[in-house]
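# Results of the structural survey
Chain by chain, the residues run as shown.
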Amino acid sequence: MKSFTLNNGAVIPSIGYGTWQNAREDMVLFALQHGYRHIDTAAIYRNEDMVGRALLRSGIKREECFLVSKLWNTRRGYRTALKAFEETLNALQTDYLDMYLIHWPCARGENADDVNRDTWMALEELYGKGKIRAIGVSNFLRKHLAPLLETAKVLPAVNQIEYHPGYAQRDIFLYNSERNILTQAWAPLGSGAVLGLPLLSELGRKYGRSPAQICLRWCVQQGILPLVKSTTPSRILENIEIFDFVLDQDDMAAIDALPETGFSGMHPDTITF
């Protein structure tokens, strides 16, 4: 497994196993047993306890696995975030996280930016105490991230956003990159919606790879970390076999130029949860 180095020096495996809508402990265990060392969960997924059990069952040393969770929207704010973090640690049966993220920005209301700042202060405090190795955000666009950076004492290590062929959020990706904030891609396969695109099938034949592997290679080759979910053993294995080929620049550009496809519809300014 290759890796990225975060802006605070922490090393993170360059593909993560995503657990959204995944309640299968055996599949998390399978992923761990077959090379994955980066597991992404969240309080709202209601599976932190399952992820914790899988990690314990795997026999892998805790320090060898990069474990990530996220703070849910109803727990934003300084004191509530601190309490929610302790609940996450208990569920995962660990005494620290490798990374903790604000799941979605507070995007509405006159005090939205203040809520984000207060929440970030809690994460900074936990980071300072050594309870988290890196802190970051998720689904923050430029207009949400810029006010946070004005007062942040710790620069976010990552910004996790929806990013896949057919929905490349270039503006926020470039904004992140200019500030040495790593972009993570959730739904890097467009939740499966992009896998039937003729271009990806054509490139799959050209490189002797699956359309999913083309999507993941496209992410990694840009310096983006994909978080990929599957509960099919063969696909779990296939998804990390992307480090022995390179897409040429014309093919990268062709993927970049795809029309909008597979967008989840979830935008931080319009979500209702």
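Everything that follows concerns the structure shown earlier in this document.
Residues numbered from 1 in each chain as written. Predicted model: local features only at pLDDT ≥ 70, side-chain atom pairs only at ≥ 80, totals over all residues. Heavy atoms only, no water.

### Re the overall build of the protein
The secondary structure content of the protein amounts to 10 helices and 10 strands. Relative to its length of 273 residues, the protein is compact, with a C-alpha radius of gyration of 18 Å against a globular reference of 19 Å. On the principal axes, the C-alpha backbone points of the protein span a range of 55 × 45 × 35 Å. Long-range pairs, those at least 24 residues apart, make up 72% of the contacts in the protein between residues at least 6 apart in sequence. Carbon together with sulfur atoms contributes 50% to the accessible area of the protein, which is approximately 11700 Å² in total. Side-chain charges in the protein split into 29 positive and 31 negative, and the spacing between the mean points of these groups amounts to 4 Å. (Helix = DSSP H or I, 4+ residues; strand = E, 2+ residues; numbered from the N terminus. Rg over C-alpha atoms; globule rule 2.2 N^0.38 Å. Contact = heavy atoms within 4.5 Å. Areas by Shrake-Rupley, 256 points an atom, 1.4 Å probe, with all protein chains shown as cover. Lys, Arg positive; Asp, Glu negative; His and termini not counted. Charge placed at Lys NZ, Arg CZ, Asp CG, Glu CD.)

### Focus: helix 3 (residues 78–92)
Taking 1.5 Å per residue, 15 residues should reach 21 Å; helix 3 reaches 22 Å between its end C-alpha atoms and fits that length. Contacts from the buried residues of helix 3 go to helix 2 (48–58), strand 5 (66–71), strand 6 (99–102) and helix 4 (112–128). Two residues or fewer after helix 3 comes Q93, characterised by a positive phi angle close to 55°. (Expected span 1.5 Å × (residues − 1).)

### Structural notes on the packing of helix 5 (residues 142–151) against helix 6 (residues 170–178)
Closest axis-to-axis distance for the helix 5/helix 6 pair is 10 Å, and the angle between their directions is 20°. The angle between the axes of helix 5 and helix 6 places the two elements in the roughly parallel class. Together, R142, L145, A146 and L149 of helix 5 and D171, I172, Y175 and N176 of helix 6 make up the contact between the two elements. Of the residues belonging to the contact of helix 5 with helix 6, the class tally is 5 nonpolar, 1 polar and 2 charged. (Axes fitted to C-alpha atoms, helices over the stretch in contact; angles between N-to-C directions. Parallel < 35°, antiparallel > 145°, perpendicular 65-115°, else oblique. Nonpolar A, V, L, I, M, F, W, Y, C, P; charged D, E, K, R; others polar.)

### Re the packing of aromatic side chains
Ring pairs (aromatic) are described by centroid distance and by the angle formed between their planes. Counting across every chain of the model gives 8 aromatic pairs. Aromatic side chains W104 and F273 sit 5.6 Å apart centroid to centroid with 75° between the ring planes, which places their arrangement in the edge-to-face category. Of the two residues, W104 sits in the loop between strand 6 and helix 4 while F273 sits in the segment after helix 10 (249–256), which places them 169 residues apart along the sequence. The exposure class of W104 is buried, given its relative accessible area of 4%. When the ring of Y207 is compared with that of F245, the centres are 5.9 Å apart and the planes differ by 45°; the resulting orientation is tilted. Pair noted here: Y207 is in helix 7 (residues 198–207) and F245 is in the loop between helix 9 (233–238) and helix 10, with a separation of 38 residues, a long-range link. (Phe/Tyr/Trp six-rings, centres within 6.5 Å; stacked < 30°, edge-to-face > 60°. Buried < 20%, exposed > 50% of the residue type's maximum accessible area, 1.4 Å probe, protein only.)

### A word on the packing of helix 8 (residues 211–221) against helix 10
Their axes nearest at 11 Å, the elements helix 8 and helix 10 cross at an angle of 105°. The angle between helix 8 and helix 10 places the two elements in the roughly perpendicular class. On the side of helix 8, the interface is formed by I214, W218 and Q221, while helix 10 contributes Q249, M252, I255 and D256.

### A look at the sheet that holds strand 7 (residues 135–138)
Two modes of strand pairing occur in sheets, parallel and antiparallel, and in both the strands are linked by backbone hydrogen bonds. Read once around its circumference, the closed barrel built from 8 strands follows the order 3-4-5-6-7-8-9-10, with strand pairing classed as parallel. Ignoring which end each strand starts from, the neighbouring axes of this sheet average 25° apart. Relative to strand 9 (residues 182–186), strand 8 (residues 158–162) runs parallel, the two sharing 5 bridges. Note on strand 9: the bridge partner recorded for N159 is T183. (Pairing = 2+ DSSP bridges.)

### What to know about the pairing of strand 10 (residues 225–228)
Alternating residues of strand 10 divide into L225 and L227 and P226 and V228, and every residue in both groups is buried. Note that strand 3 (residues 16–18) and strand 10 share 2 bridges and pair parallel. By the bridge assignment for strand 10, Y17 is matched with V228. When strand 9 meets strand 10, the two strands line up parallel, connected through 3 bridges. Bridging across to strand 10, A185 finds its partner in P226.

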